[in-house]
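Per-entry structural report
Chain by chain, the residues:
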Amino acid sequence: MARRLYPNIDRFRLWAAWMVVAIHTLPFASFGGAWDGVLTLTLCRVAVPFFFMTSGFFLFRGGFADGEAVRRFCRRTAGMYGLAMLLYLPVNLYARQLVFPDVIGDILINGTMYHLWYFPALILGVLIVAALLPRLRVGGTLAVGVALYLLGLLGDSYFALAEAVPPLLAFYEALFTLFDYTRNGLFYAPVWLALGAFFAARQDRLPSLTVSLGGLALSFGVLIAEGAKLHSGGAPRHDSMYLSLLPCVFFLFALLLGKREGRRGTFCRDVSMLVYLLHPAVILAVRGAGELLGLEKWLIEQSLVHFLAVSLLSFGGAAVLCLLWRRLVPRAKQPASTRGTHLEIDLGALCRNARALEAEMPEGCRLMAVVKAEAYGHGAVRCSQALWSAGVRHFAVATAEEGVALRRGGIGGEILILGYTDPAAARTLWRYRLTQTLVSAGHAAALDAKGYPVRVHVKIDSGMHRLGLDARDPDAIAGIFGCRHLKITGMFSHLCVSDERSGEAVAFTEEQLSRFERVRELLEKSGGAEALTVHVQSSTGLLNYPDLRYHLVRAGIALYGLRAERRWETRAHPDLLPVMALRSTVALLRQIPAGESVGYARAWRAEEARRVAVVPVGYADGLPRNYAEGGGEVLVRGVRCPVVGRICMDQLMIDVTALGDVAVGDTVTLIGRDGGEEITAEEVAERCGTITNEILSRMGERPARVYTE
Ligand SMILES: *Cc1c(COP(=O)(O)O)cnc(C)c1O
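A brief look at the structure comes next.

Thresholds, definitions, all that
- Residues numbered from 1 in each chain as written.
- Predicted model: local features only at pLDDT ≥ 70, side-chain atom pairs only at ≥ 80, totals over all residues.
- Heavy atoms only, no water.
- Helix = DSSP H or I, 4+ residues; strand = E, 2+ residues; numbered from the N terminus.
- Buried < 20%, exposed > 50% of the residue type's maximum accessible area, 1.4 Å probe, protein only.
- Contact = heavy atoms within 4.5 Å.
- Pairing = 2+ DSSP bridges.
- Core = buried A, V, L, I, M, F, W, Y, C linked by side-chain atoms within 4.5 Å.
- Near = heavy atom within 4 Å.
- Polar contact = N/O pair within 3.5 Å; in protein donor to acceptor, adjacent residues only side chain to side chain.
- Areas by Shrake-Rupley, 256 points an atom, 1.4 Å probe, with all protein chains shown as cover.

The number of helices and strands found in the protein is 25 helices and 21 strands. Taken along its principal axes, the extent of the C-alpha atoms in the protein is 90 × 75 × 50 Å. Burial statistics for the protein: of 709 residues in total, 51% are counted as buried. The contacts of the protein with a sequence gap of at least 6 include a subset with a gap of at least 24, amounting to 72%.

Structure (structure tokens):
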């Protein structure tokens, strides 16, 4: 599956920006107002809802509000608003518009220029939708958005209705002492943002093309009729909200979302934003130029010429500015790899694995995605974002730093730190809402003494004897529940031979489970364990003991589609796909005459003439040095080729004699599939005498990760 880029959404931004220019210049004014009433002030009204929906769609990924992402979005929007206000400050000063206290309402709601209402509305709307989503979910939020929109409608193009009912009129007159229009962050923005969230929650289930096209045509027709009716008795109080705008924009967005592949249109996005920001300044400039050049008749009074001049200058200016910006500010983005070595991470496979594991779990049990050590080398933030979009709400990491990185990457939900954290970091734990594992009674006391209401899970040592309070010492465990500040929300243990299915291993696992259960029962009797989230299984815990009923399964290696060891046979075997591939390229080919050696220590000698390729990947890229001695192979053109000589820090050599044709630039697959052949990380681990987890977790230090969805 290709990464979803929605190129049509980006392209339509340009059209939408042009519609906004039209609304503000009224191109048909010189030909009588009717055309503008129907076309400009009605049809073009889809533009701003479209912009809001786009924000909602990309911000509320998966239909969820994530605090971190919302904050970042609002900060960025406020920053842009601040810049725009500065830009138009001279105009405000010239027109003496900044009168206290009205200026406060202007900054917070109306905008300090007529088009700048958009930014405060976006921020307020996003805050409202973000507050509603966790409580009411997408459906409820949408309902509230529609209700607010209907209220707004009566203060906008349907104001005539409100005027006919005195109490309503009084209500709206009171409102209009607070702000100029109902087209704002409270009444107008939420419904569009919620519609965006609606599509984000169900982006795989769009209406069919025929339904979208039919729906769009029909609702456009109704919109024109509605606009014509409302404008028939003179201009309404304001005319940016219509009933049929809702289905119109809905079907329009569905159509645009239909195309997912193509080039990302960041240029379109930036140009459209600049046009939106700058066109009022361009309008002033065109008027000024008209007066200066004595061309008032054309540049100002002829509305169509005026509109075209403003459009041309706005789009031209924005495009030039964007191009200049790109020229002057070096691109942060480099090519994925300048030497052709990279990790391919298939986020689609990751999410499918998550679903396959969830299917093995009993009712009510949830997946806790273990993304420690950069998600076993796959990249913790990107993987967690993909899993978050797929509905995963529990994550586990090894350290507080890893947890903070996830929060900064916009991950909400629960993030459990599985390992020890110095109590001195209590504030960080609390501030980033990280859940800390209590590894001992002393750790609990020291952390509690810091006085922060940190969420914690109590680790019970049921026999592994690594971290945790001894299951055979219930008094110490009960003592932990007396801490004053910590919020104990969970309790867990870890199995140490759940991967093995020998009688002895199974007996030991059962002993671990019964020790853990005894602790749980004791705590339940004392009333301490009722509300706790309880979890024991890791990947093999689930796959070998799928009938256990706990609240969470902490799955790591299986999530990445692999087994720690190739020999594992588990009771359950869901369909899991490897997520990672390590690929490089042929940098150089050379002929090795018989008797010559290759590489350090002359460890490999050619008994007869051989063809050898040099591949720019080495042990610093995560491929262990002893892989060659273990009989390591790589894939070129779907054929296994042996690694020859010692693996170097940055490169290795392979024997490609068996391949008829091979060329510089050919792809070399170190881990992954090529044609009908596959080398799994499990195979690499086995040849290196270790487990898959170790191979994976050391990947990605140097090779860039390239993500596909
Ligand atoms: C790493 C870890 C896991 C995940 O183990 P996998 O075998 O990779 O599924 C689960 N629980 C704890 C405590 C861990 O440290």
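There is more to say after this.
So, on to the pairing of strand β11 (residues 580–585). Most of β11 is tucked away, with six of its six residues classed as buried. With four bridges connecting them, strand β1 (residues 342–346) and β11 associate as antiparallel partners. Looking across to β11, one finds that His-342 is bridged to Arg-583. Relative to strand β19 (residues 667–674), β11 runs antiparallel, the two sharing four bridges. Counterpart to Leu-582 in the pairing with β19 is Ile-671.

Along the chain, Asn-92 falls in helix α4 (residues 67–94). Here the alpha-carbon distance between Asn-92 and Thr-112, two residues 20 residues apart in the chain, equals 7.5 Å. Setting aside residues no more than four positions away along its own chain, Asn-92 makes contact with Gln-97, Leu-98, Thr-112 and Met-113.

What follows covers the environment of Tyr-550. Residue position: Tyr-550 is located in the loop between α23 (539–544) and β10 (552–555). Residue classification places Tyr-550 among the buried positions, given a relative accessible area of 7%. A C-alpha to C-alpha distance of 8.3 Å links Tyr-550 and Gln-537, two positions 13 residues apart in sequence. Apart from residues no more than four positions distant in its own chain, Tyr-550 is found in contact with Cys-365, Leu-513, Phe-516, Glu-517, Arg-520, Val-534, His-535, Val-536 and Gln-537.

This paragraph deals with the nonpolar core. Counting residues in each nonpolar core, the largest one holds 109 residues, and the members touching the most others are Phe-395, Leu-559 and Ile-654. For this core, the element with the most residues is helix α15 (residues 347–360), which contributes six residues. In this view, Ile-654 contacts Arg-611, Val-612, Ala-613, Val-615, Val-634, Val-636, Pro-642, Val-643 and Val-644; residues no more than four positions away in its chain are not counted. Residues Val-70, Tyr-118, Leu-195 and Leu-278 belong to the second largest nonpolar core, which totals 89 residues.

Further remarks concern the site of the ligand. In the vicinity of the ligand lie 13 residues, with Lys-372, Tyr-376, Ser-539, Gly-556 and Ile-557 positioned nearest. Tyr-376 places a side-chain nitrogen or oxygen 2.5 Å from an oxygen atom of the ligand. In this structure, Gly-556 approaches the ligand through a main-chain N or O atom, which is 2.8 Å from an oxygen atom. Protein chains bury 89% of the 380 Å² of accessible surface belonging to the ligand in isolation.

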